[in-house]
Amino acid sequence: DTAVSQTPKYLVTQMGNDKSIKCEQNLGHDTMYWYKQDSKKFLKIMFSYNNKELIINETVPNRFSPKSPDKAHLNLHINSLELGDSAVYFCASSLRMTGELFFGEGSRLTVL
Amino acid sequence: TQLLEQSPQFLSIQEGENLTVYCNSSSVFSSLQWYRQEPGEGPVLLVTVVTGGEVKKLKRLTFQFGDARKDSSLHITAAQPGDTGLYLCAGVGGKLIFGQGTELSVKP
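The shown structure was predicted, so the numbers you read here are calculated from the model rather than taken from an experiment.

1. Section: the pairing of strand β6 (residues 53-57) of chain A
All names here are of chain A.
Here is step 1 of the chain: In terms of strand pairing, strand β5 (residues 43-50) meets β6 through four bridges, oriented antiparallel. Paired with F47 across the strands is N57, a residue of β6.
Here is step 2 of the chain: Connecting β5 to the next strand, β6, in antiparallel fashion are two residues, including N51 with a positive phi near 50°.

Printed below as a string of C-alpha cells:
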C-alpha cells in the first residue's frame, strides 16, 4: 500500500492549457504539502495544508490553486500553463508541521 | 530569510572512497533532517539530528549537527554504488527549508 500517491506520474501538455495533479495519503497525517523540484534539483515548498486549512502559501503565481477536500487529499490545479512551470511536483505529508516528510513519487510536468 | 547552503553540489567518486557533504547556514535550526532521493522517486528521510553537537550513525553514514545548530555534515565511509543519489539537508525553523542538494555518483 503506497503511503503517499500522486497521479499522474507524467504530464506533457501545451502552453496555455489547464492541468491537475491529485495526491492522496493513507498515513493519517494532518499536514500535506506541494513542493516543486526544478531542473537543478532544488526542492521548493509551494503550499502547506493542515487539516484542510491553508497554512503556507509561498510566492506562487495565482495560476496555481491547491484544493484539499479532506485531510487525506491535496490536489493541485494549474491554469494557463507556461514553459517555466515544467518541473517535477512532489506531494508530501507529515504528522506535524516540522516533522518527517513522506513524499510521493512525483509528477513530471512538461510544458511544450 | 533562512537559507541552507549545501556543498558540494556534485560529487563523483570511486567505490570504496570516503566523502563528506556539508550543510551550512547563518540561521539556527531547532533540528535538521537529511533525505536521500533516488532517480524517479521522492526523497526519503535518513535521519533527524536535534541536539547541538549530536552525532548519529546509520551503518556507513555518519551525521553530525554543529554545536551552534547552524550546520551539519554527512560523512560516508567506503562509498558503494548503492549510495548513488541526491542528498538533501533540511533545516527546521518555523518551516522546513531545504538545501540545494548534493548529487552523488559512486562508480564501481
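Having seen the model, we can carry on.
2. As for the state of the cysteines
Residue and element names in this part refer to chain A.
Here is step 1 of the chain: As enumerated under the stated definition, the model contains two disulfides over all chains in all.
Here is step 2 of the chain: Between C23 and C91 runs a disulfide, and the two sulfur atoms are separated by 1.8 Å. Judged by the torsion about the S-S bond (-75°), the C23/C91 disulfide is left-handed. Within this pair, whereas C23 is found in strand β3 (residues 19-25), its partner C91 is found in strand β9 (residues 87-94), the two being separated by 68 residues in sequence.

3. Description of the side chain of T102(B)
Residue and element names in this part refer to chain B.
Here is step 1 of the chain: By the element assignment, T102 lies in strand β11 (residues 102-107).
Here is step 2 of the chain: On the basis of relative accessible area, T102 is assigned to the buried category, the value being 0%.
Here is step 3 of the chain: Only 3.3 Å separates the side chain of T102 from the side chain of Q6, close enough to count as a polar contact.
Here is step 4 of the chain: Each residue touching T102, except ones within four places of it in the same chain, is listed here: Q6, S7, P8, Q9, V21, G85, L86 and Y87.

Cut-offs and rules
- Residues numbered from 1 in each chain as written.
- Chains lettered and ligands numbered in written order.
- Predicted model: local features only at pLDDT ≥ 70, side-chain atom pairs only at ≥ 80, totals over all residues.
- Heavy atoms only, no water.
- Pairing = 2+ DSSP bridges.
- Helix = DSSP H or I, 4+ residues; strand = E, 2+ residues; numbered from the N terminus.
- Disulfide = S-S within 2.5 Å.
- Buried < 20%, exposed > 50% of the residue type's maximum accessible area, 1.4 Å probe, protein only.
- Polar contact = N/O pair within 3.5 Å; in protein donor to acceptor, adjacent residues only side chain to side chain.
- Contact = heavy atoms within 4.5 Å.

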